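# Understanding the architecture of this molecule
Now for the letters of each chain:
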Amino acid sequence: MLEERGRAIAGSREAARAESEPVLAFAVGGERYAVAVEAVSQVLEARGLQPLLAAPPWLLGAMVARTRVVPVLDLRQLLGLSGGGMADLGKVIVVEHEGEAFGIAAEVLEGRLEVARDGLTPAAAGPFTWVAPDRLALLDLARLGLPGPGEGA
């Protein structure tokens, strides 16, 4: 009887996951963005960020994340958003994409959300997968427009 009940509970959880998408939501430049939870490696305080000499404006610097050095991106520069200086950026969301890790600087970390799939609109432009009715936009890490390994910055 307990085994049957356990299968029923697990089945209802799987159905709920299929109807929603788990994301980590954050704000930067006055806009709300999200990344898929499965891409997030960790979230760090931005105070460990070290600037890099001669880096492009969209590259804030680098920091150590779980024993490796990761570059940290400024979405304000990449997406043409307004925003303040480094003091406004309190968190760094470290993500992994195609074996590479990098950080995304955030002003405010909203946390993990389950976004209902109904009502999502496929993104028409930019490095986004979809936009929710409340204007939360899911970043498509592959379409951020970053140079690949060996390409110039």
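Residues numbered from 1 in each chain as written. Predicted model: local features only at pLDDT ≥ 70, side-chain atom pairs only at ≥ 80, totals over all residues. Heavy atoms only, no water.

### As for the side chain of Arg76
- Assignment of secondary structure puts Arg76 in helix α2 (residues 75–79).
- Here Arg76 falls in the buried class, since its relative accessible area comes to 5%.
- Here Asp74 takes part through its side chain, which lies 2.9 Å from a polar atom of the side chain of Arg76. (Helix = DSSP H or I, 4+ residues; strand = E, 2+ residues; numbered from the N terminus. Buried < 20%, exposed > 50% of the residue type's maximum accessible area, 1.4 Å probe, protein only. Polar contact = N/O pair within 3.5 Å; in protein donor to acceptor, adjacent residues only side chain to side chain.)

### Considering the sheet that holds strand β9 (residues 121–122)
- Here six strands make up an open sheet; going across it, the order is β8-β1-β2-β11-β10-β9 and the pairing mixed. The outermost strands of the open sheet, each flanked by one partner alone, are β8 (108–116) and β9.
- With two bridges connecting them, strand β2 (residues 31–36) and strand β11 (residues 137–139) associate as parallel partners. Across the sheet, the residue bridging to Ala34 is Leu138, located in β11. (Pairing = 2+ DSSP bridges.)

### A look at the pattern of salt bridges
- Counted under the stated rule, the structure contains 10 salt bridges.
- For Arg68, the salt bridge is made with Glu96, and the minimal N-O distance between the two is 3.3 Å. Taken as a pair, Arg68 in strand β5 (residues 68–73) and Glu96 in strand β6 (residues 91–97) lie far apart in primary sequence, 28 residues in all.
- Judged by its relative accessible area of 38%, Glu96 falls in the partly exposed class.
- It is possible to trace a salt-bridge network through shared partners that takes in Arg32, Glu110 and Asp134. (Salt bridge = Lys/Arg side-chain N within 4 Å of Asp/Glu carboxyl O.)

### A word on unusual backbone geometry
- Of note, the phi angle at Thr67 is positive, near 70°, even though the residue is not glycine.
- Even without being glycine, Arg135 reaches a positive phi, approximately 75°.
- Checked against the element boundaries, Arg135 lands in the loop between β10 (128–131) and β11.
- The exposure class assigned to Arg135 is exposed, which follows from its relative accessible area of 55%.

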